[in-house]
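Structural characterization, general
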Amino acid sequence: MTNPIHIIGGGLAGSEAAWQAAEAGVPVILHEMRPVRGTDAHKTDGLAELVCSNSFRSDDAQTNAVGLLHAEMRLANSLIMACGDAHQVPAGGALAVDRDGFSAAVTAKIEAHPLISIVREEMTGLPPEDWDQAIVATGPLTAPALAEAIAKKTGADALAFFDAIAPIVHFDTIDMNVCWFQSRYDKVGPGGTGKDYINCPMDKAQYDAFVRALVDGQKTEFKQWEGTPYFDGCLPIEVMAERGVETLRHGPMKPMGLTNAHNPTVKAYAVVQLRQDNALGTLYNMVGFQTKLKHGEQVRVFKTIPGLENAEFARLGGLHRNTYINSPTLLDPTLQLKDRPGLRFAGQITGCEGYVESAAIGLLAGRFAAAERLGRRVSAPPATAAFGALLNHITGGHIVSDDEPGKRSFQPMNVNFGLFPPLEPGTKLKPDDFEGRFRGKDKTIAKKKATTARALADCRAWLGIAPEVRAAE
(Lines give C-alpha, C1' and ligand atoms only; values in the text may rest on other atoms or scores of the structure.)
Protein backbone atom coordinates (compact mmCIF):
# COMPACT_ATOMS: atom_id res chain seq x y z
CA MET A 1 0.00 0.00 0.00
CA THR A 2 1.19 3.53 -0.79
CA ASN A 3 2.44 5.40 2.26
CA PRO A 4 0.22 8.40 3.16
CA ILE A 5 1.00 12.07 2.84
CA HIS A 6 0.53 13.85 6.16
CA ILE A 7 -1.02 17.34 6.02
CA ILE A 8 -1.09 19.59 9.06
CA GLY A 9 -3.92 22.12 9.02
CA GLY A 10 -7.47 21.86 7.74
CA GLY A 11 -7.91 25.38 6.39
CA LEU A 12 -8.33 26.23 2.73
CA ALA A 13 -4.76 25.30 1.79
CA GLY A 14 -4.68 22.07 3.78
CA SER A 15 -8.10 20.95 2.55
CA GLU A 16 -7.15 21.67 -1.07
CA ALA A 17 -3.80 19.91 -0.71
CA ALA A 18 -5.50 16.84 0.77
CA TRP A 19 -8.07 16.76 -2.04
CA GLN A 20 -5.48 17.07 -4.80
CA ALA A 21 -3.25 14.35 -3.39
CA ALA A 22 -6.15 11.98 -2.78
CA GLU A 23 -7.58 12.59 -6.24
CA ALA A 24 -4.17 11.60 -7.61
CA GLY A 25 -4.58 8.25 -5.86
CA VAL A 26 -2.41 8.85 -2.78
CA PRO A 27 -3.77 8.27 0.76
CA VAL A 28 -3.79 11.34 3.00
CA ILE A 29 -3.92 11.87 6.75
CA LEU A 30 -5.19 15.37 7.50
CA HIS A 31 -4.30 16.64 10.98
CA GLU A 32 -6.54 19.48 12.27
CA MET A 33 -6.23 20.79 15.83
CA ARG A 34 -9.75 22.20 16.13
CA PRO A 35 -11.74 21.51 18.32
CA VAL A 36 -8.95 20.07 20.52
CA ARG A 37 -7.39 23.53 20.45
CA GLY A 38 -9.16 26.64 19.20
CA THR A 39 -7.82 29.90 17.76
CA ASP A 40 -8.53 33.58 18.35
CA ALA A 41 -10.56 33.83 15.14
CA HIS A 42 -12.19 30.48 14.33
CA LYS A 43 -15.69 29.82 15.66
CA THR A 44 -16.29 26.22 14.50
CA ASP A 45 -14.42 22.98 13.94
CA GLY A 46 -15.34 22.91 10.23
CA LEU A 47 -12.66 22.60 7.59
CA ALA A 48 -11.89 25.65 5.43
CA GLU A 49 -13.70 28.03 7.80
CA LEU A 50 -13.60 31.62 6.52
CA VAL A 51 -12.61 33.91 9.39
CA CYS A 52 -12.37 37.26 7.61
CA SER A 53 -14.36 38.28 4.53
CA ASN A 54 -16.66 35.87 2.69
CA SER A 55 -15.40 37.11 -0.68
CA PHE A 56 -13.06 35.32 -3.08
CA ARG A 57 -12.82 38.70 -4.83
CA SER A 58 -13.17 39.26 -8.58
CA ASP A 59 -14.34 36.38 -10.77
CA ASP A 60 -13.34 38.16 -13.99
CA ALA A 61 -10.86 35.78 -15.66
CA GLN A 62 -10.11 38.13 -18.56
CA THR A 63 -8.93 41.33 -16.90
CA ASN A 64 -8.36 40.46 -13.23
CA ALA A 65 -5.50 38.34 -11.87
CA VAL A 66 -7.49 36.76 -9.04
CA GLY A 67 -10.31 35.94 -11.46
CA LEU A 68 -7.70 34.25 -13.64
CA LEU A 69 -6.52 32.24 -10.63
CA HIS A 70 -10.14 31.15 -10.08
CA ALA A 71 -10.25 29.88 -13.67
CA GLU A 72 -6.97 28.00 -13.38
CA MET A 73 -8.07 26.37 -10.14
CA ARG A 74 -11.31 25.23 -11.75
CA LEU A 75 -9.26 23.65 -14.55
CA ALA A 76 -7.24 21.82 -11.88
CA ASN A 77 -10.34 20.30 -10.22
CA SER A 78 -10.10 22.56 -7.17
CA LEU A 79 -12.26 21.51 -4.24
CA ILE A 80 -12.27 25.05 -2.84
CA MET A 81 -13.54 26.56 -6.09
CA ALA A 82 -16.14 23.82 -6.62
CA CYS A 83 -17.57 24.40 -3.14
CA GLY A 84 -17.33 28.18 -3.56
CA ASP A 85 -19.25 28.06 -6.83
CA ALA A 86 -21.89 25.82 -5.26
CA HIS A 87 -22.44 28.20 -2.33
CA GLN A 88 -22.05 31.63 -3.92
CA VAL A 89 -24.10 34.62 -2.87
CA PRO A 90 -24.65 37.81 -4.93
CA ALA A 91 -21.66 40.16 -4.81
CA GLY A 92 -21.51 42.26 -7.98
CA GLY A 93 -18.39 41.35 -9.96
CA ALA A 94 -16.97 39.26 -7.12
CA LEU A 95 -17.40 35.65 -6.08
CA ALA A 96 -18.67 35.66 -2.49
CA VAL A 97 -19.89 32.61 -0.61
CA ASP A 98 -22.20 31.60 2.21
CA ARG A 99 -19.44 30.92 4.73
CA ASP A 100 -21.28 28.21 6.70
CA GLY A 101 -22.52 26.36 3.63
CA PHE A 102 -19.08 26.58 2.03
CA SER A 103 -17.23 25.17 5.06
CA ALA A 104 -19.82 22.42 5.52
CA ALA A 105 -19.45 21.40 1.87
CA VAL A 106 -15.64 21.23 2.04
CA THR A 107 -15.84 19.22 5.28
CA ALA A 108 -18.36 16.79 3.80
CA LYS A 109 -16.26 16.23 0.67
CA ILE A 110 -13.08 15.61 2.66
CA GLU A 111 -14.82 13.29 5.14
CA ALA A 112 -16.39 11.28 2.33
CA HIS A 113 -13.20 10.77 0.32
CA PRO A 114 -12.06 7.14 0.67
CA LEU A 115 -8.36 8.06 0.66
CA ILE A 116 -8.52 10.84 3.28
CA SER A 117 -8.49 10.31 7.05
CA ILE A 118 -8.98 13.24 9.45
CA VAL A 119 -7.19 13.20 12.79
CA ARG A 120 -8.25 15.85 15.30
CA GLU A 121 -5.09 16.65 17.25
CA GLU A 122 -2.66 19.49 17.85
CA MET A 123 0.78 19.08 16.35
CA THR A 124 3.24 20.67 18.73
CA GLY A 125 6.30 20.07 16.57
CA LEU A 126 7.34 19.51 12.99
CA PRO A 127 6.34 16.22 11.35
CA PRO A 128 8.57 13.33 12.48
CA GLU A 129 11.29 12.23 10.08
CA ASP A 130 9.46 9.02 9.19
CA TRP A 131 6.68 11.14 7.65
CA ASP A 132 8.72 11.37 4.48
CA GLN A 133 6.02 13.32 2.64
CA ALA A 134 4.32 16.02 4.72
CA ILE A 135 2.79 19.46 4.19
CA VAL A 136 2.50 22.16 6.84
CA ALA A 137 -0.55 24.28 6.01
CA THR A 138 -1.36 25.77 9.40
CA GLY A 139 -2.05 29.22 8.06
CA PRO A 140 -1.87 32.60 9.77
CA LEU A 141 -3.01 31.17 13.11
CA THR A 142 -0.26 28.60 13.59
CA ALA A 143 -0.26 27.44 17.23
CA PRO A 144 2.68 28.80 19.28
CA ALA A 145 4.36 25.43 19.89
CA LEU A 146 4.42 24.55 16.20
CA ALA A 147 5.48 28.08 15.24
CA GLU A 148 8.39 27.79 17.66
CA ALA A 149 9.38 24.44 16.16
CA ILE A 150 9.28 25.94 12.67
CA ALA A 151 11.43 28.86 13.78
CA LYS A 152 13.94 26.52 15.40
CA LYS A 153 14.18 24.36 12.29
CA THR A 154 14.49 27.23 9.84
CA GLY A 155 16.90 29.25 11.94
CA ALA A 156 14.76 32.32 11.45
CA ASP A 157 11.91 33.81 13.45
CA ALA A 158 8.50 33.76 11.80
CA LEU A 159 7.30 37.14 10.64
CA ALA A 160 3.99 38.42 11.96
CA PHE A 161 1.41 41.08 11.18
CA PHE A 162 -2.26 41.54 11.99
CA ASP A 163 -5.23 40.69 9.82
CA ALA A 164 -8.42 42.49 10.72
CA ILE A 165 -12.00 41.16 10.66
CA ALA A 166 -14.96 43.29 9.52
CA PRO A 167 -18.27 43.45 11.43
CA ILE A 168 -21.42 41.66 10.19
CA VAL A 169 -24.87 43.30 10.47
CA HIS A 170 -28.35 41.74 10.59
CA PHE A 171 -30.12 42.82 7.40
CA ASP A 172 -33.48 43.46 9.02
CA THR A 173 -31.93 46.12 11.27
CA ILE A 174 -30.71 48.23 8.32
CA ASP A 175 -32.90 51.22 7.42
CA MET A 176 -33.61 50.75 3.71
CA ASN A 177 -35.48 54.05 3.64
CA VAL A 178 -32.02 55.61 3.89
CA CYS A 179 -29.89 52.95 2.21
CA TRP A 180 -30.31 51.41 -1.25
CA PHE A 181 -29.20 48.37 -3.25
CA GLN A 182 -26.66 48.98 -6.02
CA SER A 183 -23.37 47.59 -7.24
CA ARG A 184 -20.77 50.17 -8.20
CA TYR A 185 -21.45 51.22 -11.80
CA ASP A 186 -24.32 48.66 -11.73
CA LYS A 187 -21.82 45.89 -12.45
CA VAL A 188 -23.33 42.39 -12.60
CA GLY A 189 -21.22 39.52 -11.26
CA PRO A 190 -21.71 35.76 -10.77
CA GLY A 191 -25.10 35.16 -9.23
CA GLY A 192 -25.68 38.90 -9.02
CA THR A 193 -28.10 41.48 -10.39
CA GLY A 194 -26.13 44.71 -10.41
CA LYS A 195 -27.75 45.61 -7.09
CA ASP A 196 -25.68 43.40 -4.81
CA TYR A 197 -24.47 45.90 -2.19
CA ILE A 198 -26.33 47.95 0.38
CA ASN A 199 -25.13 51.55 0.25
CA CYS A 200 -25.22 54.00 3.17
CA PRO A 201 -24.70 57.65 2.06
CA MET A 202 -22.88 60.37 3.98
CA ASP A 203 -22.68 64.10 3.40
CA LYS A 204 -19.45 65.98 4.15
CA ALA A 205 -20.35 66.88 7.73
CA GLN A 206 -21.33 63.29 8.53
CA TYR A 207 -18.17 61.98 6.90
CA ASP A 208 -15.85 64.39 8.72
CA ALA A 209 -17.48 63.51 12.06
CA PHE A 210 -17.18 59.81 11.29
CA VAL A 211 -13.46 60.06 10.49
CA ARG A 212 -12.86 61.98 13.73
CA ALA A 213 -14.74 59.29 15.67
CA LEU A 214 -12.62 56.55 14.11
CA VAL A 215 -9.38 58.32 14.93
CA ASP A 216 -10.45 59.21 18.48
CA GLY A 217 -12.13 55.88 19.30
CA GLN A 218 -10.61 53.50 21.85
CA LYS A 219 -8.58 50.74 20.22
CA THR A 220 -7.43 47.35 21.38
CA GLU A 221 -3.72 47.49 22.15
CA PHE A 222 -1.26 44.71 21.38
CA LYS A 223 1.84 45.75 23.32
CA GLN A 224 3.48 42.35 22.90
CA TRP A 225 3.65 42.85 19.13
CA GLU A 226 4.07 46.63 18.82
CA GLY A 227 5.74 47.57 15.57
CA THR A 228 4.30 44.57 13.72
CA PRO A 229 3.33 45.74 10.21
CA TYR A 230 -0.19 45.47 8.83
CA PHE A 231 -0.78 43.97 5.39
CA ASP A 232 -1.92 46.88 3.20
CA GLY A 233 -4.74 44.83 1.66
CA CYS A 234 -6.42 44.38 5.04
CA LEU A 235 -5.77 47.63 6.93
CA PRO A 236 -8.04 48.45 9.89
CA ILE A 237 -10.47 51.22 8.98
CA GLU A 238 -9.14 53.53 11.69
CA VAL A 239 -5.55 53.07 10.51
CA MET A 240 -6.65 54.24 7.06
CA ALA A 241 -8.45 57.21 8.67
CA GLU A 242 -5.27 58.18 10.50
CA ARG A 243 -3.47 58.50 7.16
CA GLY A 244 -5.54 61.53 6.18
CA VAL A 245 -9.10 62.78 6.28
CA GLU A 246 -9.67 62.00 2.59
CA THR A 247 -8.13 58.52 2.60
CA LEU A 248 -11.39 56.61 3.17
CA ARG A 249 -13.19 58.56 0.41
CA HIS A 250 -10.62 57.20 -2.02
CA GLY A 251 -10.73 53.71 -0.51
CA PRO A 252 -13.60 51.63 0.88
CA MET A 253 -15.93 54.65 1.21
CA LYS A 254 -15.54 56.07 -2.30
CA PRO A 255 -18.85 57.36 -3.71
CA MET A 256 -18.00 56.89 -7.41
CA GLY A 257 -20.35 54.84 -9.56
CA LEU A 258 -23.25 55.07 -7.08
CA THR A 259 -26.52 57.02 -7.26
CA ASN A 260 -28.78 57.37 -4.24
CA ALA A 261 -32.08 55.76 -5.23
CA HIS A 262 -33.92 57.88 -2.65
CA ASN A 263 -32.40 61.17 -3.79
CA PRO A 264 -30.82 60.79 -7.25
CA THR A 265 -29.98 64.47 -7.71
CA VAL A 266 -27.77 64.68 -4.61
CA LYS A 267 -24.34 63.04 -4.83
CA ALA A 268 -23.16 61.41 -1.62
CA TYR A 269 -19.84 62.70 -0.28
CA ALA A 270 -18.92 59.18 0.89
CA VAL A 271 -20.62 55.78 0.92
CA VAL A 272 -20.36 52.78 3.25
CA GLN A 273 -21.07 49.51 1.45
CA LEU A 274 -22.33 46.24 2.93
CA ARG A 275 -22.09 42.93 1.07
CA GLN A 276 -24.34 39.88 1.49
CA ASP A 277 -22.66 37.36 3.78
CA ASN A 278 -24.92 34.30 3.70
CA ALA A 279 -27.22 32.54 1.23
CA LEU A 280 -30.35 33.54 3.14
CA GLY A 281 -29.50 37.22 2.78
CA THR A 282 -29.99 37.78 6.50
CA LEU A 283 -26.43 38.93 7.19
CA TYR A 284 -24.34 41.66 5.54
CA ASN A 285 -20.70 42.46 6.21
CA MET A 286 -19.26 45.97 6.18
CA VAL A 287 -16.91 46.09 3.20
CA GLY A 288 -13.40 47.26 4.09
CA PHE A 289 -14.33 47.83 7.75
CA GLN A 290 -11.72 45.63 9.40
CA THR A 291 -11.07 47.22 12.76
CA LYS A 292 -9.20 47.15 16.05
CA LEU A 293 -11.73 49.43 17.77
CA LYS A 294 -12.96 48.04 21.07
CA HIS A 295 -16.34 46.37 20.77
CA GLY A 296 -18.25 49.08 22.60
CA GLU A 297 -16.63 51.73 20.42
CA GLN A 298 -17.52 49.81 17.27
CA VAL A 299 -21.20 49.81 18.19
CA ARG A 300 -21.13 53.50 19.09
CA VAL A 301 -19.18 54.69 16.04
CA PHE A 302 -20.75 52.45 13.40
CA LYS A 303 -24.27 53.37 14.50
CA THR A 304 -23.53 56.94 13.41
CA ILE A 305 -23.52 55.70 9.80
CA PRO A 306 -26.79 56.75 8.10
CA GLY A 307 -29.09 53.74 7.87
CA LEU A 308 -27.24 51.83 10.61
CA GLU A 309 -28.55 53.83 13.57
CA ASN A 310 -30.50 50.78 14.78
CA ALA A 311 -28.15 48.14 13.45
CA GLU A 312 -27.64 44.91 15.36
CA PHE A 313 -24.32 43.15 14.87
CA ALA A 314 -24.06 39.40 14.38
CA ARG A 315 -20.30 39.76 14.78
CA LEU A 316 -18.09 42.68 15.67
CA GLY A 317 -14.67 43.29 14.15
CA GLY A 318 -11.41 42.08 15.59
CA LEU A 319 -7.76 41.29 14.91
CA HIS A 320 -5.73 38.13 14.82
CA ARG A 321 -2.02 37.48 14.58
CA ASN A 322 -0.71 36.27 11.24
CA THR A 323 2.51 34.26 10.98
CA TYR A 324 4.48 33.46 7.84
CA ILE A 325 7.95 32.22 6.97
CA ASN A 326 10.69 33.73 4.85
CA SER A 327 9.85 31.47 1.92
CA PRO A 328 12.28 32.82 -0.72
CA THR A 329 15.25 31.72 1.37
CA LEU A 330 13.73 28.58 2.90
CA LEU A 331 11.71 26.85 0.16
CA ASP A 332 12.66 25.36 -3.20
CA PRO A 333 10.53 25.86 -6.34
CA THR A 334 8.25 22.97 -5.30
CA LEU A 335 7.52 24.47 -1.84
CA GLN A 336 9.90 21.99 -0.19
CA LEU A 337 12.06 23.02 2.75
CA LYS A 338 15.54 23.17 1.25
CA ASP A 339 17.25 21.36 4.11
CA ARG A 340 14.55 18.72 4.62
CA PRO A 341 13.36 16.98 1.43
CA GLY A 342 9.74 15.86 1.57
CA LEU A 343 8.58 18.58 3.98
CA ARG A 344 6.53 21.24 2.22
CA PHE A 345 4.71 24.37 3.31
CA ALA A 346 1.46 25.67 1.82
CA GLY A 347 -1.04 28.49 2.23
CA GLN A 348 -0.67 31.81 3.99
CA ILE A 349 2.22 30.61 6.12
CA THR A 350 4.32 30.75 2.93
CA GLY A 351 3.71 34.46 2.46
CA CYS A 352 0.84 34.56 0.01
CA GLU A 353 -2.24 36.57 0.95
CA GLY A 354 -5.91 35.84 0.35
CA TYR A 355 -8.24 32.86 0.46
CA VAL A 356 -7.85 31.89 -3.17
CA GLU A 357 -4.08 32.36 -3.21
CA SER A 358 -3.73 30.20 -0.09
CA ALA A 359 -5.86 27.46 -1.60
CA ALA A 360 -3.90 27.66 -4.86
CA ILE A 361 -0.60 27.12 -3.07
CA GLY A 362 -2.22 24.20 -1.22
CA LEU A 363 -3.32 22.81 -4.57
CA LEU A 364 0.25 22.97 -5.87
CA ALA A 365 1.76 21.46 -2.72
CA GLY A 366 -0.69 18.57 -2.85
CA ARG A 367 0.10 17.88 -6.49
CA PHE A 368 3.85 18.12 -5.93
CA ALA A 369 3.76 15.74 -2.95
CA ALA A 370 1.52 13.25 -4.77
CA ALA A 371 3.75 13.22 -7.85
CA GLU A 372 6.81 12.59 -5.72
CA ARG A 373 5.05 9.82 -3.78
CA LEU A 374 4.05 8.14 -7.05
CA GLY A 375 7.55 8.39 -8.48
CA ARG A 376 6.56 10.87 -11.15
CA ARG A 377 8.44 13.95 -12.26
CA VAL A 378 7.46 16.98 -10.19
CA SER A 379 6.53 19.64 -12.74
CA ALA A 380 6.15 23.25 -11.64
CA PRO A 381 3.53 25.37 -13.43
CA PRO A 382 4.73 27.83 -16.07
CA ALA A 383 5.59 31.32 -14.86
CA THR A 384 3.11 32.71 -17.40
CA ALA A 385 0.19 31.10 -15.55
CA ALA A 386 -1.28 32.57 -12.37
CA PHE A 387 -0.17 29.42 -10.52
CA GLY A 388 3.41 29.96 -11.61
CA ALA A 389 3.43 33.71 -11.08
CA LEU A 390 2.28 33.33 -7.48
CA LEU A 391 4.60 30.38 -6.80
CA ASN A 392 7.58 32.28 -8.17
CA HIS A 393 6.87 35.25 -5.91
CA ILE A 394 6.88 32.96 -2.88
CA THR A 395 9.88 30.81 -3.74
CA GLY A 396 12.19 33.19 -5.53
CA GLY A 397 10.55 36.24 -7.10
CA HIS A 398 11.47 38.56 -4.25
CA ILE A 399 14.58 40.69 -4.52
CA VAL A 400 16.15 41.99 -1.32
CA SER A 401 17.18 45.60 -1.77
CA ASP A 402 19.99 47.37 0.02
CA ASP A 403 17.58 49.47 2.09
CA GLU A 404 15.48 46.42 3.08
CA PRO A 405 18.02 44.00 4.51
CA GLY A 406 17.06 40.61 5.91
CA LYS A 407 13.91 38.57 5.96
CA ARG A 408 11.55 41.42 6.88
CA SER A 409 11.72 42.81 3.35
CA PHE A 410 9.66 39.81 2.12
CA GLN A 411 5.99 40.67 2.44
CA PRO A 412 2.79 38.71 1.71
CA MET A 413 1.30 39.31 -1.71
CA ASN A 414 -2.02 38.86 -3.46
CA VAL A 415 -1.83 37.56 -7.00
CA ASN A 416 -1.56 40.49 -9.43
CA PHE A 417 -0.43 41.18 -12.98
CA GLY A 418 2.84 42.60 -11.68
CA LEU A 419 3.91 39.02 -10.87
CA PHE A 420 3.51 37.84 -14.48
CA PRO A 421 6.29 37.89 -17.12
CA PRO A 422 5.86 40.61 -19.77
CA LEU A 423 4.08 39.68 -22.96
CA GLU A 424 6.33 38.49 -25.77
CA PRO A 425 7.45 41.20 -28.22
CA GLY A 426 5.09 41.42 -31.15
CA THR A 427 2.04 40.16 -29.24
CA LYS A 428 -1.00 41.47 -31.06
CA LEU A 429 -3.14 43.71 -28.86
CA LYS A 430 -5.10 45.92 -31.22
CA PRO A 431 -8.35 44.34 -32.48
CA ASP A 432 -8.83 44.33 -36.25
CA ASP A 433 -11.99 46.44 -35.97
CA PHE A 434 -10.43 49.09 -33.71
CA GLU A 435 -10.16 52.55 -35.24
CA GLY A 436 -8.20 55.54 -33.99
CA ARG A 437 -5.28 55.69 -31.56
CA PHE A 438 -4.93 52.57 -29.42
CA ARG A 439 -3.71 53.63 -26.00
CA GLY A 440 -4.71 54.34 -22.42
CA LYS A 441 -7.50 52.26 -20.95
CA ASP A 442 -8.11 50.32 -24.18
CA LYS A 443 -4.48 49.24 -24.37
CA THR A 444 -4.34 48.35 -20.67
CA ILE A 445 -7.41 46.12 -20.95
CA ALA A 446 -6.02 44.52 -24.12
CA LYS A 447 -2.73 43.71 -22.38
CA LYS A 448 -4.57 42.10 -19.49
CA LYS A 449 -6.69 40.02 -21.87
CA ALA A 450 -3.58 38.89 -23.74
CA THR A 451 -1.88 37.99 -20.45
CA THR A 452 -4.84 35.95 -19.24
CA ALA A 453 -5.34 34.21 -22.59
CA ARG A 454 -1.67 33.18 -22.56
CA ALA A 455 -1.95 32.08 -18.92
CA LEU A 456 -4.98 29.86 -19.49
CA ALA A 457 -3.46 28.28 -22.60
CA ASP A 458 -0.19 27.54 -20.76
CA CYS A 459 -2.05 26.28 -17.69
CA ARG A 460 -4.09 23.89 -19.82
CA ALA A 461 -0.90 22.56 -21.39
CA TRP A 462 0.68 22.07 -17.94
CA LEU A 463 -2.40 20.20 -16.72
CA GLY A 464 -2.54 18.08 -19.87
CA ILE A 465 -5.90 19.53 -20.92
CA ALA A 466 -6.65 19.99 -24.60
CA PRO A 467 -6.62 23.60 -25.83
CA GLU A 468 -9.92 25.39 -25.56
CA VAL A 469 -11.89 25.32 -28.80
CA ARG A 470 -13.47 28.68 -29.52
CA ALA A 471 -16.67 28.90 -31.50
CA ALA A 472 -16.42 30.58 -34.87
CA GLU A 473 -17.45 34.21 -34.67
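Rules behind the numbers
- Residues numbered from 1 in each chain as written.
- Predicted model: local features only at pLDDT ≥ 70, side-chain atom pairs only at ≥ 80, totals over all residues.
- Heavy atoms only, no water.
- Pairing = 2+ DSSP bridges.
- Helix = DSSP H or I, 4+ residues; strand = E, 2+ residues; numbered from the N terminus.
- Contact = heavy atoms within 4.5 Å.
- Axes fitted to C-alpha atoms, helices over the stretch in contact; angles between N-to-C directions.
- Core = buried A, V, L, I, M, F, W, Y, C linked by side-chain atoms within 4.5 Å.
- Buried < 20%, exposed > 50% of the residue type's maximum accessible area, 1.4 Å probe, protein only.
- Expected span 1.5 Å × (residues − 1).
- Salt bridge = Lys/Arg side-chain N within 4 Å of Asp/Glu carboxyl O.

1. Observations regarding the sheet that holds strand β4 (residues 88-89)
Strand order in this open sheet of three strands is β3-β5-β4, and the pairing throughout is antiparallel. Where the open sheet ends on each side, the last strands, each with one partner, are β3 (55-58) and β4. Strand direction decides the pairing type here: β4 and strand β5 (residues 94-97), joined by two bridges, are antiparallel. Bridged to Gln88 within β5 is Val97. Taken strand by strand, helix α2 (residues 65-75) contacts β3 and β5, and its axis lies near 115 degrees from that of β3.

2. So, the sheet that holds strand β6 (residues 116-120)
Taken in spatial order, the five strands of this open sheet run β6-β2-β1-β7-β16, and their pairing is parallel. Edge positions in the sheet fall to β6 and β16 (343-345), since each has one partner strand and no second. Between one strand axis and the next, the sheet turns through 20 degrees on average, direction left out of account. Sheet topology places strand β2 (residues 28-32) next to β6; five bridges connect them, and they run parallel. Following the sheet pairing, Ile29 is matched in β6 by Ser117. Across the sheet, helix α10 (residues 355-373) touches β1 (5-8), β7 (134-136) and β16, and the angle it forms with β16 is around 165 degrees.

3. Points about unusual backbone geometry
Notably, Ala48 is not glycine yet its phi reads approximately 55 degrees, a positive angle. As for its placement among the helices and strands, Ala48 is situated in the loop between β2 and β3. Phi is positive for Asn77, which is not a glycine, with a value near 60 degrees. One can find Asn77 in the loop between α2 and α3 (79-86).

4. Quick word on the nonpolar core
Counting residues in each nonpolar core, the largest one holds 80 residues, and the members touching the most others are Phe56 and Phe387. No other element matches the eleven residues that α10 contributes to this core. In terms of nonpolar packing, the next biggest core, distinct from the first, is built from 31 residues, Leu235, Val239, Val301 and Phe313 among them.

5. What about helix α1 (residues 12-23)?
With twelve residues, α1 should reach 16 Å at 1.5 Å per residue; the first-to-last C-alpha distance of 16 Å fits that figure. In terms of burial, α1 is a largely internal element, eleven of the twelve residues being buried. Those residues of α1 that sit buried are Leu12, Ala13, Gly14, Ser15, Glu16, Ala17, Ala18, Trp19, Gln20, Ala21 and Ala22. Just past α1, the residue Gly25 takes up positive phi, approximately 100 degrees.

6. With respect to the environment of Gly101
Within the secondary structure, Gly101 sits in helix α4 (residues 99-112). On a C-alpha basis, the gap between Gly101 and Gly84 in space is 9.1 Å, while along the polypeptide they are 17 residues apart.

7. Things to note about the pairing of strand β12 (residues 270-276)
By the criterion of burial, β12 is predominantly enclosed, with seven of the seven residues buried. In this sheet, β12 lies alongside strand β11 (residues 197-202) in antiparallel orientation, the contact comprising six bridges. Among the inter-strand pairings, Tyr197 is bridged to a residue of β12, identified as Arg275. Pairing between β12 and strand β13 (residues 283-286): three bridges, direction antiparallel. Bridging from a neighbouring strand, Gln276 pairs with Tyr284 of β13. Between β12 and the antiparallel strand that follows it, β13, lie six residues; Gly281 among them carries a positive phi value of about 75 degrees.

8. Considerations on the pattern of salt bridges
All chains considered together, the criterion is met by 14 salt bridges. Lys219 serves as the salt-bridge partner of Glu242, at 4.0 Å between the closest nitrogen and oxygen. One end of the pair, Glu242, is in helix α7 (residues 237-242); the other, Lys219, is in the loop between α6 (204-216) and α7, with 23 residues separating them in the sequence. Here Lys219 falls in the buried class, since its relative accessible area comes to 12%. When salt bridges that share partners are traced, they join Glu32, Arg34 and Glu49 into one network.

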